[in-house]
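Below, each chain spelled out in residue letters.
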Amino acid sequence: MRRLVFIPIIAGLAAVAASSGALIKKEDTEMGFAIVGAIVQKNSDDNVALIKEDSGAVKAVKKEFIIMDKYKVLAVFQNSIHTIDRSGSMYLVYHGKFTEDGVKRPPSVNRSKNNDNYREDGFERNGGTIKLSSTYRDKLVKDDLGKILMQATAEPYMENGAIAGFKMTQIDEGSIYSKAGLQDGDIVTSINGTELNNVSASISLLKSLKGAEHIDIDLKRNGQIQKVTIDIR
């Protein structure tokens, strides 16, 4: 595979470009991929974005990663990725759900109040117990994955200088997260007994859940431990 060759000094100009307006603003779909999520950490160089290429491939990318053999990642932010191409052109790539300045647009889904029960075809929640049909699950992880990952923001939650889970914010009402009873401020601490204390391991864990038939989620809400159980029928 051909690798990109960049003038060494160009990467160091990213911050200058951002402040001078030299970054070309592009919606992700114009670039051949979609930004479907991001994990922002204390050290911005460790930020990770999840993208879905037009080919259907889903990849976790961070600084220095080469996207589709075309764009080198200069920086990852909560709502955008800064990249550079072979010609030296630098881009601020944002998802269509956000404006060019990273402000979240209102969700297009119908808004509904979060309560203890929710039911629709293939999905049923009673308190912290959720039952899904396999058809509903497959649609979520295959057809709607990109859209779902953009329906909420997950940021590493730190305790004593270490990751102790992921804090959920910006949850769209009417999204799968809202249907599951999650709320802004919830801190997901473990899934199926595995503590979420490492970014790369957490991404691998989430990918492994695609074929799971039972999922146990531990979370903190207002300092109290709560459990969510998901069974696939």
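Residues numbered from 1 in each chain as written. Predicted model: local features only at pLDDT ≥ 70, side-chain atom pairs only at ≥ 80, totals over all residues. Heavy atoms only, no water.

Draft legend 1. Representation of the overall build of the protein. Looking only at helices and strands, the protein has seven helices and 17 strands in total. Scored against the burial criterion, the 233 residues of the protein give a buried share of 44%. Sequence separation of 24 or more characterises 47% of the internal contacts of the protein that already satisfy a separation of 6 or more. Counting every atom, the protein has about 12,800 Å² of accessible surface; 51% of that belongs to carbon and sulfur. (Helix = DSSP H or I, 4+ residues; strand = E, 2+ residues; numbered from the N terminus. Buried < 20%, exposed > 50% of the residue type's maximum accessible area, 1.4 Å probe, protein only. Contact = heavy atoms within 4.5 Å. Areas by Shrake-Rupley, 256 points an atom, 1.4 Å probe, with all protein chains shown as cover.)

Draft legend 2. Region of interest: the nonpolar core. The biggest cluster of nonpolar side chains holds 29 residues, and the ones touching the most others in it are Y177 and I230. Elements that contribute at least two residues to this core include exactly β11 (129-132), α4 (134-143), β13 (162-169), α6 (176-179), β14 (187-191), β16 (214-221) and β17 (224-232). Residues F33, I51, Y71 and I81 belong to the second largest nonpolar core, which totals 13 residues. (Core = buried A, V, L, I, M, F, W, Y, C linked by side-chain atoms within 4.5 Å.)

Draft legend 3. Up close: the sheet that holds strand β6 (residues 71-76). One open sheet holds the five strands; their spatial order is β1-β8-β7-β6-β5, and the pairing between them is mixed. The open sheet terminates on both sides in strands that have one partner only, identified here as β1 (24-27) and β5 (66-67). Where β1 lies against strand β8 (residues 90-94), four bridges are found, and the strand directions are parallel. Paired with K26 across the bridge in β8 is V93. (Pairing = 2+ DSSP bridges.)

Draft legend 4. Looking closely at unusual backbone geometry. Unlike most non-glycine residues, N160 shows phi in positive territory, near 55°. Looking at the element boundaries, N160 is found in the loop between β12 (153-159) and β13. Although it is not a glycine, N222 adopts a positive phi angle of roughly 55°. With respect to the element layout, N222 can be found in the loop between β16 and β17.

Draft legend 5. Structural detail: the sheet that holds strand β2 (residues 33-39). Ordered in space as β2-β3-β4, the three strands form an open sheet in which the pairing is antiparallel. Unpaired on one side and paired on the other, β2 and β4 (58-61) mark the two borders of the sheet. Put simply, the sheet's adjacent strands are angled 25° from each other on average, direction ignored. Across six bridges, β2 lies against strand β3 (residues 48-53) in antiparallel orientation. Each residue of the ladder has a partner; that of A38, found in β3, is A49. (Axes fitted to C-alpha atoms, helices over the stretch in contact; angles between N-to-C directions.)

Draft legend 6. Structural view of the side chain of T189. Looking at where T189 falls in the secondary structure, it is placed in strand β14. Sequence-distant contacts of T189, that is, excluding residues within four places in its chain, are made with A164, G165, T194, E195, L196, D218, L219 and K220.

Draft legend 7. Looking closely at the environment of A75. Relative to the helices and strands, A75 is located in strand β6. A C-alpha to C-alpha distance of 9.8 Å links A75 and A49, two positions 26 residues apart in sequence. Apart from residues no more than four positions distant in its own chain, A75 is found in contact with I81 and H82.

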